[in-house]
Amino acid sequence: KVVMATAFKGASFDFYGRQYREIFARYNIDLELRETAGAVENVKLLQDPKSGVQIGFVTGGVSDGKRAPDVLSLGTVYNQPFWIFYSSNEQLDRLSQLKGKRIAVGPVGSATRFTAEQILGKGGVNTETATLLPFGGSAADKALSEGKVDVVWIIGVPEATAVQSFLRNPNVRLMSFPMADAFTRIFPDLNRLVLPQGVVDIDRNIPAADVQLIATTSKVLIRNDLHPEIVQLLLQTMKEVHSGSDIFHRGGE
């Protein structure tokens, strides 16, 4: 039995964690998925030998070797885009338009919240100018549909449950990130991605136009005392799950 820290339901870490668990089961290893607030909490759990957590997903920029000396990285596995979804007749194309809105930014301890405070904060969107609420993943999807929030800031691959729900909801819009290139210069851990018109659903033309996004990297971290045989199995699993092509990656990238 091995314990892996993922995130909340509907998040990319939860999506991939379930795939990892299926592969581990082939080798008679029980991979227990620990639901957490996200990357920030995952690093803390990996640093605590009493937590029982031995593996965790983490977002780029959340930690490093100096802050977590007993934790090792097995490498970067994929790009994880940031998405700004909203349900409004108003066209949002500037961060300043988010001021005064109720924004779901994920729970405290999540990379979603951590990055929202950094990136949106750079655009003047913070706790003083907007209402930041702790909904993330599937909970954020529900909050937007019930009118509890105006905007959702979420991190996730396009295949993640919550992201797919937003993308395919005709009542929800996706904001093209303004000044994406500028933000990649300010924050070195970020990179710019383009979601091409129609790539999600060509028949329904989703999205209706090219969308600029910014993204961070996602890594797999382990405690430095994890058994070498488990490390080997984990590396094989990472390759099987992430080496294929998708919207933002070529095969083997």
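Please read these numbers as outputs of a predicted model, since none were measured by experiment. (Residues numbered from 1 in each chain as written. Predicted model: local features only at pLDDT ≥ 70, side-chain atom pairs only at ≥ 80, totals over all residues. Heavy atoms only, no water.)

**Q** Even after reading the chapter, I still don't get the overall build of the chain, so can you show me in this structure?
**A** The number of helices and strands found in the chain is seven helices and ten strands. A globule of 253 residues ought to have a C-alpha radius of gyration of about 18 Å, and the chain, at 18 Å, matches this closely. Principal-axis analysis of the C-alpha atoms places the extent of the chain at approximately 55 × 40 × 35 Å. Taking all 253 residues of the chain together, the buried fraction comes to 52%. Long-range contacts, defined here as pairs at least 24 residues apart, represent 76% of the contacts in the chain between residues at least 6 apart. Carbon and sulfur atoms provide 48% of the accessible area of the chain, an area that totals close to 11,800 Å². Taken together, the 27 basic and 27 acidic charged side chains of the chain have centroids lying 3 Å from each other. (Helix = DSSP H or I, 4+ residues; strand = E, 2+ residues; numbered from the N terminus. Rg over C-alpha atoms; globule rule 2.2 N^0.38 Å. Buried < 20%, exposed > 50% of the residue type's maximum accessible area, 1.4 Å probe, protein only. Contact = heavy atoms within 4.5 Å. Areas by Shrake-Rupley, 256 points an atom, 1.4 Å probe, with all protein chains shown as cover. Lys, Arg positive; Asp, Glu negative; His and termini not counted. Charge placed at Lys NZ, Arg CZ, Asp CG, Glu CD.)

**Q** Looking at this model, I keep getting lost on the confidence of the model for the chain. Mind explaining?
**A** Note that predicted coordinates carrying low pLDDT should not be read in detail. When pLDDT is averaged along the chain, the result is 92, and 99% of the positions lie at 70 or above. Confidence scores differ between elements of the chain, with helix α3 (residues 111–122) showing the lowest mean pLDDT of 90 and strand β1 (residues 2–5) the highest of 98. (pLDDT = per-residue confidence, 0-100.)

**Q** What is the right way to look at the packing of aromatic side chains in this model?
**A** One pass over the structure, following the stated rule, counts ten aromatic pairs. Among the aromatic side chains, those forming a connected cluster through ring pairs are Phe-82, Trp-153, Phe-177, Phe-183 and Phe-187. (Phe/Tyr/Trp six-rings, centres within 6.5 Å; stacked < 30°, edge-to-face > 60°.)

**Q** What am I meant to see in the packing of helix α1 (residues 12–26) against helix α7 (residues 228–242) here?
**A** Packed helices, taken two at a time, are described by the angle between their axes plus the distance between the axes. Contact geometry for α1 and α7: axes closest at 10 Å, N-to-C directions at 125°. With respect to α7, the element α1 is oriented oblique. Both α1 and α7 take part in a crossing whose hand is right-handed. Across the interface between the two elements, Tyr-16, Gln-19, Tyr-20, Ile-23, Phe-24 and Arg-26 of α1 pack against Ile-230, Leu-233, Leu-234, Thr-237, Met-238, Glu-240, Val-241 and His-242 of α7. (Axes fitted to C-alpha atoms, helices over the stretch in contact; angles between N-to-C directions. Parallel < 35°, antiparallel > 145°, perpendicular 65-115°, else oblique. Left-handed = near helix turned anticlockwise from the far one by under 90°.)

**Q** Got a minute to help me understand the pairing of strand β3 (residues 55–59) in this structure?
**A** Residues in a regular strand project their side chains so that they alternate between the two faces of the sheet. In terms of burial, β3 is a largely internal element, five of the five residues being buried. The sheet contact formed by β1 and β3 spans two bridges and is parallel. Residue pairing for β3: Ala-5 is matched across the bridge by Gly-56. In this structure, β3 lies alongside strand β10 (residues 211–223), joined through five bridges in antiparallel fashion. The residue of β10 that forms the bridge with Thr-59 is Ser-218. (Pairing = 2+ DSSP bridges.)

**Q** Teacher, can you tell me more about α1 here?
**A** Every α-helix carries 3.6 residues per turn, so stepping three or four residues along brings you back to the same face. Look at α1: 22 Å from first C-alpha to last across 15 residues, which is about the 21 Å you get at 1.5 Å a residue. Taken as a whole, α1 has its buried residues at Ser-12, Phe-13, Asp-14, Phe-15, Tyr-16, Gly-17, Tyr-20, Ile-23 and Phe-24. Just downstream of α1 lies Asn-28, where phi reads positive at about 60°. (Expected span 1.5 Å × (residues − 1).)

**Q** Sorry if this is basic, but what is going on with the pattern of salt bridges here?
**A** Close approach of charged atoms lets side chains of opposite charge pair. Under the criterion given, the structure shown has twelve salt bridges. Here Lys-1 makes a salt bridge to Glu-32, at a shortest N to O gap of 2.9 Å. Remark: Glu-32 occurs in strand β2 (residues 31–34) and Lys-1 occurs in the segment before β1; sequence separation between them is 31 residues. Take Lys-1: its relative accessible area is 65%, and that puts it in the exposed class. Put simply, Asp-14 and Arg-18 hold a salt bridge, and the shortest N to O gap is 3.4 Å. Within this pair, Asp-14 and its partner Arg-18 are both found in helix α1, separated by four residues, close to a single helical turn. Look at Asp-14 and you get buried, because its relative accessible area is 13%. For Arg-18, a relative accessible area of 33% corresponds to the partly exposed category. (Salt bridge = Lys/Arg side-chain N within 4 Å of Asp/Glu carboxyl O.)

**Q** Help me out: how do you make sense of the environment of Gly-137 in this one?
**A** On the secondary structure map, Gly-137 appears in the loop between β6 (131–133) and α4 (138–145). Not counting residues up to four positions away in its chain, the partners in contact with Gly-137 are Phe-8, Lys-9, Gly-10, Ile-154 and Ala-162.

**Q** It is not clear to me how the side chain of Lys-101 should be interpreted in this structure. Could you clarify?
**A** Relative to the helices and strands, Lys-101 is located in the loop between β4 (71–86) and β5 (102–104). Judged by its relative accessible area of 19%, Lys-101 is buried. Here Lys-101 is in contact with Glu-90, Ala-130, Thr-131, Asp-150 and Val-151, once residues within four sequence places are set aside.

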